[in-house]
Amino acid sequence: MELCDRSASDLAGLLRKREISSREITESVFKRIDEKEDTIHAYITTTRETALKQADLADKKFRNGKKTSLLNGIPIAIKDILCTKGIRTTCGSNILSNFIPTYTATAVKKVLQTGAVLIGKTNMDEFAMGSSTENSAFGPTRNPVNTEHVPGGSSGGSAAAVSDGETILAIGTDTGGSIRLPSAYCGVAGIKPTYGRVSRYGLISYASSLDQIGALGKTTEDCAMVLNAICGHDRLDSTSAQVKKPDFRRSLNKDIKGLKVGLPREYFVEGIDKRIEDQIINAVKVLEKNGADIIELSLPHTKYAISAYYLIATAEASSNLARYDGVKYGFRSNHDLTDSVRMYEKTRSEGFGKEVKRRIMLGTYALSAGYYDAYYLKAQKTRALIKEDFDKAFEKVDCMITPVSPCLPFKLGEKMTDPLQMYLVDIYTVSLNLTGLPGMSVNCGTVGGLPVGLQIIGKAFDEEMVLRVGHAYEKMSEVTT
Ligand code: GLN
């Protein structure tokens with residue numbers, strides 16, 4: 001097995017024993033990038049030179065016997081929605097194709113402070129709007145498991161890179177499922193923490209009340225290692241929470257005997273691919289066999305989640321994206337600059353892609369006078385009802401299990417002409433963004449050679465439970481398969 005195919009926890013152990021160096025790992029990752037990137041296109045920008053320097057620095061720390069973080073010397077890729085000082089940050093859009101931030105996002109800063117090695121900035125749907133990474137202005141990413149299929153989105157570049165050994169770890173963002181869905185589709189692990197757990201400072205906003213930064217890795221343990229580095233209160237983000245910061249890795253090994261695991265009925269209804277349902281039910285049986293108590297429950301407002309999500313997300317996006325006007329930063333059209341209104345119009349027409357324009361129009365409509373009460377306000381009320389469903393259900397259970405996606409990774413182009421079909425892919429993921437709850441995707445096998453993701457949902461700020469169940473499942477399924 002090549003070094004780039006190993007998990008971060010394995011590599012951290014080998015680095016500690018000085019059996020390998022960070023330079024060797026980093027070179028192995030770049031070798032894989034050289035071999036596969038033309039096909040996969042997981043990255044918008046790679047930072048090879050600085051990566052090798054960072055790797056040497058990490059090795060030096062080991063040589064000097066310094067106390068190091070477990071992430072010291074481990075390669076990590078960052079979704080191109082997080083600002084990196086001096087490194088182009090495009091958000092997958094032409095409108096930011098020449099944008100070089102003057103500061104680094106808190107989460108990125110924190111992870112690099114551990115000595116992790118930055119490999120590059122990963123491809124994504126433009127402004128994180130999409131479920132397939134086909135909406136990138138830089139061209140789509142392909143699923144390494146089967147390159148005719150999409151990697152999921154919007155953090156498709158991050159998930160594909162982890163799955164393919166083009167990085168060891170990655171950071172993504174999740175507004176409606178964008179970490180969990182690509183993790184499921186590429187067969188890796190990915191966690192969306194509770195809203196407020198990770199600072200959003202330096203994250204280019206899509207829908208501010210839903211956006212959250214999280215981790216992707218080959219295993220749950222790898223995700224826990226990244227989460228340990230990036231979480232914590234930040235005075236630069238007023239929505240970042242002042243809560244205690246557990247050691248997420250430490251909670252992994254508690255067993256699951258006696259845990260109450262909820263199965264929400266509404267997540268196993270018509271519309272789901274039967275083969276996925278079977279796979280999830282089999283995984284639940286594995287948990288049950290190992291001592292978990294399975295409890296069926298109901299989240300009655302689930303059917304409104306997609307409508308509420310796409311109203312709130314587009315409304316917030318239309319407001320957040322008003323800042324791209326060709327004046328302050330980013331792309332400016334050079335067509336007819338004599339009239340400022342014309343300049344805004346041309347810049348935005350040429351700079352934004354089709355899906356982003358669609359969402360700005362939808363959101364502007366939903367917020368307009370006369371429609372606000374009928375759409376936006378109603379969506380916010382629905383959001384409160386969805387939250388109540390979860391609050392009630394969590395009185396009875398410790399966590400919940402659901403599928404991540406109702407369908408298998410689809411083929412490139414398959415859903416591009418029908419935005420509604422694309423939106424429906426998010427049916428099982430958006431509720432966690434509407435409620436702020438933590439959730440993760442772990443691989444639970446394949447159907448016809450394509451990966452299936454199992455979603456674990458936890459109570460607010462109980463990522464420990466989510467990770468514990470994910471880790472336990474990974475261990476048990478290793479034994480049973
Ligand atoms: N697919 C969803 C959307 O397009 C979620 C995207 C995300 O989580 N960033 O809005």
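Scroll up to find the structure.
Residues numbered from 1 in each chain as written. Predicted model: local features only at pLDDT ≥ 70, side-chain atom pairs only at ≥ 80, totals over all residues. Heavy atoms only, no water.

Trainee: Give me the lowdown on the pairing of strand 4 (residues 169–174), citing residues and values where you can.
Mentor: Of all six residues that make up strand 4, six are buried, and the element is covered over most of its length. Residues Leu169, Ile171 and Thr173 point to one face of strand 4 and Ala170, Gly172 and Asp174 to the other, with burial holding for every one of them. In this structure, strand 2 (residues 75–79) lies alongside strand 4, joined through three bridges in parallel fashion. Opposite Ile78, over in strand 4, you have Ile171 as the bridge partner. (Buried < 20%, exposed > 50% of the residue type's maximum accessible area, 1.4 Å probe, protein only. Helix = DSSP H or I, 4+ residues; strand = E, 2+ residues; numbered from the N terminus. Pairing = 2+ DSSP bridges.)

Trainee: Describe a nonpolar patch on the surface, listing the residues and the values that go with them.
Mentor: Judged by side-chain polarity, Val327, Val341 and Tyr344 come together as a nonpolar surface patch covering roughly 260 Å² of accessible area. Relative to the helices and strands, Val327 is located in the loop between helix 9 (305–320) and helix 10 (340–351). Residue Val327 is classed as partly exposed on the basis of its relative accessible area of 47%. (Patch = residues over 30% accessible without salt bridge, like charges linked within 9 Å, V, L, I, M, F, W, Y side chains within 5 Å. Areas by Shrake-Rupley, 256 points an atom, 1.4 Å probe, with all protein chains shown as cover. Salt bridge = Lys/Arg side-chain N within 4 Å of Asp/Glu carboxyl O.)

Trainee: Lay out the environment of Tyr371 in plain terms, naming residues and giving numbers.
Mentor: Mapped onto the fold, Tyr371 is located in the loop between helix 11 (354–367) and helix 12 (373–393). For the pair Tyr371 and Ser319, spaced 52 residues apart in the sequence, the C-alpha separation amounts to 16 Å. When near neighbours in sequence (up to four residues on either side) are disregarded, Tyr371 contacts Tyr365, Ala366 and Tyr376. (Contact = heavy atoms within 4.5 Å.)

Trainee: Can you explain the pairing of strand 2? Please cite residues and give values.
Mentor: By the criterion of burial, strand 2 is predominantly enclosed, with five of the five residues buried. Burial along strand 2 is two-sided: the residues Pro75, Ala77 and Lys79 and Ile76 and Ile78 are all buried. With five bridges connecting them, strand 2 and strand 3 (residues 117–122) associate as parallel partners. Bridge pairing in strand 3 places Ile76 opposite Leu118.

Trainee: How would you summarise the site of the ligand if you had to cite specific residues and measurements?
Mentor: Taken together, 15 residues sit near the ligand, with Gly176, Ser178, Tyr206, Tyr309 and Asp426 positioned nearest. Between an oxygen atom of the ligand and a main-chain N or O atom of Gly130, the distance comes to 2.8 Å. Ser178 has a polar side-chain atom sitting 2.6 Å from an oxygen atom of the ligand. Because more than half of its atoms lie within 2 Å of the grid, the ligand is assigned to the largest cavity. (Near = heavy atom within 4 Å. Polar contact = N/O pair within 3.5 Å; in protein donor to acceptor, adjacent residues only side chain to side chain. 1 Å grid on protein atoms, 1.4 Å probe; cavity = no way out; pocket = protein on both sides within 12 Å on 5 of 7 lines; lining within 4 Å. Sits in = over half its atoms within 2 Å of the grid points.)

Trainee: I'd love a proper account of the sheet that holds strand 3, names of residues and values included.
Mentor: Taking strand neighbours across the sheet as the criterion, the 11 strands line up as 1-3-2-4-6-5-10-11-9-7-8 in an open arrangement whose pairing is mixed. Pairing within the sheet leaves two strands with one partner each, and these edge strands are strand 1 (43–46) and strand 8 (293–297). Averaged over all pairs of adjacent strands, the angle between strand axes in this sheet comes to 30°, irrespective of strand direction. Pairing of strand 7 (residues 260–264) with strand 9 (residues 399–403) involves two bridges; the strand directions are parallel. (Axes fitted to C-alpha atoms, helices over the stretch in contact; angles between N-to-C directions.)

Trainee: Quick rundown of the packing of aromatic side chains? Include the residues and the values.
Mentor: Aromatic ring pairs: the centre-centre distance and the angle between the two ring planes describe each pair. This model, assessed by the stated rule, comprises 14 aromatic pairs. Three or more aromatic residues link up through ring pairs in this structure, and these residues are Phe99, Phe127, Tyr324, Tyr329 and Phe352. The ring of Phe410 has Lys415 lying over it, and the distance from NZ or CZ to the ring centre is 5.1 Å. (Phe/Tyr/Trp six-rings, centres within 6.5 Å; stacked < 30°, edge-to-face > 60°. Lys NZ or Arg CZ within 6 Å of the ring centre and 35° of its normal.)

Trainee: Explain the layout of surface pockets to me, using residue names and the numbers behind them.
Mentor: Estimated volume of the largest pocket: approximately 550 Å³. Forming the walls of the largest pocket are 28 residues, and the residues nearest its centre are Lys218, Asn443, Glu474, Ser477 and Glu478. The biggest single contributor to the lining of the largest pocket is helix 15 (residues 463–480), with seven residues. For the lining of the largest pocket, a count of residues per class yields eight nonpolar, 12 polar and eight charged. (Points joined across faces, edges and corners; volume = space filled by probe spheres on them. Nonpolar A, V, L, I, M, F, W, Y, C, P; charged D, E, K, R; others polar.)

Trainee: Just give me the short version of the nonpolar core, but keep the residues and values in it.
Mentor: Phe127, Phe390 and Ile401 are the most contacted members of the largest nonpolar core, which has 147 residues in total. Residues in contact with Phe127, not counting those within four places in the same chain, are Cys91, Ser93, Ile95, Leu96, Ile204, Tyr206, Leu321, Tyr324, Phe352 and Val356. (Core = buried A, V, L, I, M, F, W, Y, C linked by side-chain atoms within 4.5 Å.)

Trainee: Explain helix 3 (residues 48–63) to me, and be specific about the residues and the numbers.
Mentor: Its 16 residues give helix 3 an end-to-end C-alpha distance of 22 Å, which sits within 8% of 22 Å, the value for a rise of 1.5 Å per residue. Turning to helix 3, its buried residues are Ala51, Leu52, Ala55, Ala58, Asp59 and Phe62. The arc that holds the buried residues of helix 3, viewed along the axis, is 120°, so those residues lie on one side. What points out from helix 3, more than 90 degrees from its buried face, is the exposed set Glu49, Lys53 and Leu57. For helix 3, the secondary structure elements touched by its buried residues are helix 1 (8–16), helix 2 (22–40) and strand 3. Gly65 sits one or two positions beyond helix 3 and adopts a positive phi of about 70°. (Expected span 1.5 Å × (residues − 1). Arc of directions from axis to C-beta.)

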